[in-house]
Amino acid sequence: MEKPKKSSAKTDVSRIQPYDGGILKEIHLLSGKETLDRILEHHAPQQLVRRMPSQDFFWLIQEVEEEASLQLLKFASLKQWQYLLDLELWRGDRLEITEAFQWLRRLLLSDPRRLVRWLFAEGQTFCYYYFYKSVQVEIKEGDEVYDVKDEFITLDGLYYIRIPERDQKETTEGILRKMADEDLPRYQSLLLGLAGVIPAELEEEMYRLRNVRLAEHGFLPREEALLVYSPLKPDALVGKEKEEKVVPMVDQETLDLAPYSAFHYAKSKNLLSKAALRITDARFSGRIRLEFAGLCNQILSADGPQVNDLDVLKKTCRKAAGYLNLVLEKTCSKDISAAEALLKQNSLISLFRTGFGLAQELKWEAERWLKVCWFSHNGLDYGFWGDEWGNTLAGLVAKRPQYYDGREGGEYRDFEYLSDLTAAHGILHHLIVLDRLLANLTGTSPLTKKVAQTPDLAVHSLLFTLWARQMLDLKPSLEGISLKQAKRFFRLLRAGDKSPPYQMLGFEEAFVKEFIAAAPGFDTREAATLKDTLSLLWQEFCQEYERVGIDALDARFSKYILIRGR
């Protein structure tokens, strides 16, 4: 790695511009070396790095390769070091010695003298804990002849040290040598004091102090952080708006700490980003960035994953932005000015809780229905409703509601757009009316155990099999029909078609009317929903069979009709 060129001229502090996040906005397009080059090209690279909010510095370290990170760590402040270690070294309430070693190795390579000074001062508790876990110390007393084993080393002829982990020997010994060179009495005091260490007490105290530091950035204890998922109703948000016309702006000192990275990684083309782009007031913009970073950190604390996983960090930023965008779309439609005003008049955590509450209300509706639904009481799983509908239902009733996006292979993600909520709401009500319809139908045509255990049984196969029996004047039943009967059924539907694609015109109305008649207890709204749902099933049925020849029908591949045998 090339070292930065030294300049004989002193840095003119007056020329250092306030950190504007420009580099952070571009690093996702740059390699680690290019990012480092951009910083080194700055007329005051160390001051540039140290002016970065700690959270931005953390994201930057995650983005670049290890070689580039060494120079950045050299430029960084002790406060930035501490924030990095607070996030990297802990798994729950346990400090990971392996991770501690890896970061000590990096810091030793980047700035050994500052590292040992930190270990002697602010990092003293960590220093005692790490070396207690990492070395074995024996002391030579008086003029006795000490038989030193091969694996022990001594730097002063008094304290003999053994490093059990071979892969850590070079780094740990290097730190000890630097400490002895820096301040031999304090080095000896450290080794002497290791005998009195109570590791559990040190770890508990370090964990307490770490939580105090991280709380300033929004990392709260989990029981407190979970408040972020406590839903607010939209009318409560309006009430807050009336009580507080504008959320107080932050002071300039706090504004300087507002990170750019979290909001940058959350951006997508939605109402939230459009409203944010309209903000020209630097203090308002800073408040949004500061609150958004705190919101993301509180979500991380509530969710409890590792906070040093870059993918988890980005996903959390998108979740926060998604629910903010959801409530903006719900409240302001497409009005960007109204969205900007809503951001100004409410805290982001209140907006997030309101957006999350919209999805949570839908989850609760689904859970109430699942307690009384027909399909669940008959031992059928979510797959009964088909891939898209079944996965949508599974996402809704997850611990935290998720939206199933069926595009590009299908994936679960957090709700982001009002259209997501509308689509999931529509699918849930498709399921509710079809479930009630099946409850009515099975009153006269029971679902037998044999049929219920049919592989890949789905709602459409029951409905179309029952309708096929009606069209063929067979006994009403959910039992499958023979291949011969299935071919006769399709000849009847295709009587008006001469060649594919077979449109089966006129039969959609018959199919819909047949089942609407079987739902006498439905009110006007429910009947309209059922009609739309049945029409949707018919369209899917037509698409499935529009190019399938009658002689190509096969019981093994019949998705919409239960066919017995071949």
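All of these numbers come straight from a predicted model, not from anything done at the bench. (Residues numbered from 1 in each chain as written. Predicted model: local features only at pLDDT ≥ 70, side-chain atom pairs only at ≥ 80, totals over all residues. Heavy atoms only, no water.)

Some points on the overall build of the chain
Regarding its fold elements, the chain presents 29 helices and 9 strands. Looking at the chain residue by residue over its 566 residues, the buried ones come to 48%. Taking the contacts inside the chain whose residues are at least 6 apart along the sequence as the reference set, 74% of them involve residues at least 24 apart. (Helix = DSSP H or I, 4+ residues; strand = E, 2+ residues; numbered from the N terminus. Buried < 20%, exposed > 50% of the residue type's maximum accessible area, 1.4 Å probe, protein only. Contact = heavy atoms within 4.5 Å.)

A short note on the sheet that holds strand 4 (residues 152–154)
Pairing is antiparallel in the open sheet, where 3 strands are placed in the order 3-5-4. Each end of this open sheet is capped by a strand with a single partner; those strands are strand 3 (136–139) and strand 4. Recorded for the sheet is a direction-independent mean angle of 30° between the axes of neighbouring strands. In this sheet, strand 5 (residues 159–162) lies alongside strand 3 in antiparallel orientation, the contact comprising 4 bridges. By the bridge assignment, Ile139 is partnered in strand 5 with Tyr159. Along the sheet, helix 11 (residues 184–193) makes contact with strand 3 and strand 5, crossing strand 5 at roughly 65°. (Pairing = 2+ DSSP bridges. Axes fitted to C-alpha atoms, helices over the stretch in contact; angles between N-to-C directions.)

As for empty space enclosed by the protein
Inspection of every chain in the model, using the stated rule, returns 2 cavities of 30 Å³ or more. In this structure, the largest cavity spans a volume of roughly 80 Å³. In this structure, the largest cavity is lined by 14 residues; those nearest its centre are Gln55, Trp59, Asn297, Leu300 and Leu313. Of all the secondary-structure elements, those providing two or more residues to the lining of the largest cavity are helix 4 (54–63), helix 6 (78–88), helix 18 (282–303) and helix 19 (310–332). Taken together, the residues that form the lining of the largest cavity break down as 11 nonpolar, 3 polar and no charged. There is about 30 Å³ of room inside the second largest cavity. For the second largest cavity, the full set of lining residues is Phe263, Ala266, Lys267, Ser268, Asn270, Leu272, Ser273 and Ala321. Mapped by element, the contributors of at least two residues to the lining of the second largest cavity are helix 16 (261–266) and helix 17 (271–277). Partitioned by chemical class, the residues of the lining of the second largest cavity number 4 nonpolar, 3 polar and 1 charged. (1 Å grid on protein atoms, 1.4 Å probe; cavity = no way out; pocket = protein on both sides within 12 Å on 5 of 7 lines; lining within 4 Å. Points joined across faces, edges and corners; volume = space filled by probe spheres on them. Nonpolar A, V, L, I, M, F, W, Y, C, P; charged D, E, K, R; others polar.)

Topic: helix 10 (residues 166–182)
An ideal rise of 1.5 Å per residue puts 24 Å on 17 residues; helix 10 measures up with 25 Å between its terminal C-alpha atoms. Contacts from the buried residues of helix 10 go to helix 7 (97–110), helix 8 (112–120), helix 9 (124–134), strand 4, strand 5 and helix 11. (Expected span 1.5 Å × (residues − 1).)

Let's talk about the confidence of the model for the chain
Chain-level pLDDT for the chain is 89 on average; 89% of the residues reach the 70-or-more range. Contacts from residues 239–245, a stretch scored under 50 in pLDDT, to residues over four places away or in other chains number 8 contacts. (pLDDT = per-residue confidence, 0-100.)

A closer look at unusual backbone geometry
The peptide bond linking Pro500 to Pro501 adopts the cis configuration, its omega dihedral lying at 0°. Here Pro501 shows up in the loop between helix 27 (483–493) and helix 28 (507–516). One non-glycine residue, Asp473, lies in the positive phi region at around 60°. Mapped onto the elements of the fold, Asp473 is located in the loop between helix 26 (459–471) and strand 8 (481–482).

With respect to the layout of surface pockets
The calculated volume of the second largest pocket comes to roughly 790 Å³. Going through the elements one at a time, helix 23 (387–396), helix 26 and helix 29 (524–545) are the ones with two or more residues in the lining of the second largest pocket. Ranked by the residues each element gives to the lining of the second largest pocket, the list is headed by helix 23, at 5 residues. A breakdown of the residues in the lining of the second largest pocket according to their chemical character gives 17 nonpolar, 10 polar and 8 charged.

Observations concerning the packing of aromatic side chains
Considering all chains together, one arrives at 37 aromatic pairs under this definition. Here Trp59 and Tyr265 contribute two aromatic rings whose centre-to-centre distance is 4.6 Å and whose plane-to-plane angle is 15°, an arrangement assigned as stacked. Of the two residues, Trp59 sits in helix 4 while Tyr265 sits in helix 16, which places them 206 residues apart along the sequence. A relative accessible area of 10% places Tyr265 in the buried class. These aromatic residues form a ring-pair network of at least three members: Phe464, Trp467, Phe489, Phe490, Phe511, Phe515, Trp538, Phe541, Tyr545 and Tyr560. Above the face of the Tyr260 ring, Arg289 is positioned so that its terminal group lies 3.8 Å from the ring centre. Here the basic side chain of Arg494 rests over the ring of Tyr502, its NZ or CZ set 3.9 Å away from the ring centre. (Phe/Tyr/Trp six-rings, centres within 6.5 Å; stacked < 30°, edge-to-face > 60°. Lys NZ or Arg CZ within 6 Å of the ring centre and 35° of its normal.)

What about the pairing of strand 5?
The pairing of strand 4 with strand 5 spans 3 bridges and is antiparallel. In the strand pairing of strand 5, Phe152 is matched with Arg162. If you look at the hairpin formed by strand 4 and strand 5, you'll find 4 residues sitting between the two strands, and Gly157 has a positive phi there, around 75°.

Section: the pattern of salt bridges
Using the criterion set out here, one finds 26 salt bridges in the structure. The partner of Lys314 in a salt bridge is Glu63, and the shortest N-O contact between them spans 3.6 Å. One end of the pair, Lys314, is in helix 19; the other, Glu63, is in helix 4, and 251 residues separate them in sequence. We classify Glu63 as partly exposed; its relative accessible area is 24%. Between Arg91 and Glu99 there is a salt bridge, with its nearest N and O atoms 4.0 Å apart. Each member of the salt-bridge network shares a partner with another, and the members are Asp405, Arg407, Arg413 and Asp420. (Salt bridge = Lys/Arg side-chain N within 4 Å of Asp/Glu carboxyl O.)

Considerations on the environment of Gln345
If you trace the backbone, Gln345 turns up in helix 20 (residues 336–345). In this structure Gln345 comes out as partly exposed when scored by relative accessible area, which is 21%. Sequence separation between Gln345 and Leu237 is 108 residues; the distance between their C-alpha atoms is 9.6 Å.

Some points on the environment of Glu170
Tracing the sequence through the fold places Glu170 in helix 10. Overall, Glu170 belongs to the exposed group, its relative accessible area being 72%. The spatial distance from the C-alpha of Glu170 to the C-alpha of Arg105 is 9.3 Å, given a sequence separation of 65 residues.

Observations regarding the packing of helix 24 (residues 418–441) against helix 29
Each packed pair of helices is defined by two parameters, the angle between the axes and the distance between the axes. At a minimum axis distance of 9 Å, the contact between helix 24 and helix 29 shows a crossing angle of 95°. On the basis of the axis angle, helix 24 is roughly perpendicular to helix 29. In this structure, helix 24 contributes His429, His430, Val433, Leu434, Arg436 and Leu437 to the contact, and helix 29 contributes Arg525, Glu526, Thr529, Leu530, Thr533, Leu534, Leu536 and Leu537. Grouping the amino acids of the contact of helix 24 with helix 29 by side-chain chemistry returns 7 nonpolar, 4 polar and 3 charged. (Parallel < 35°, antiparallel > 145°, perpendicular 65-115°, else oblique.)

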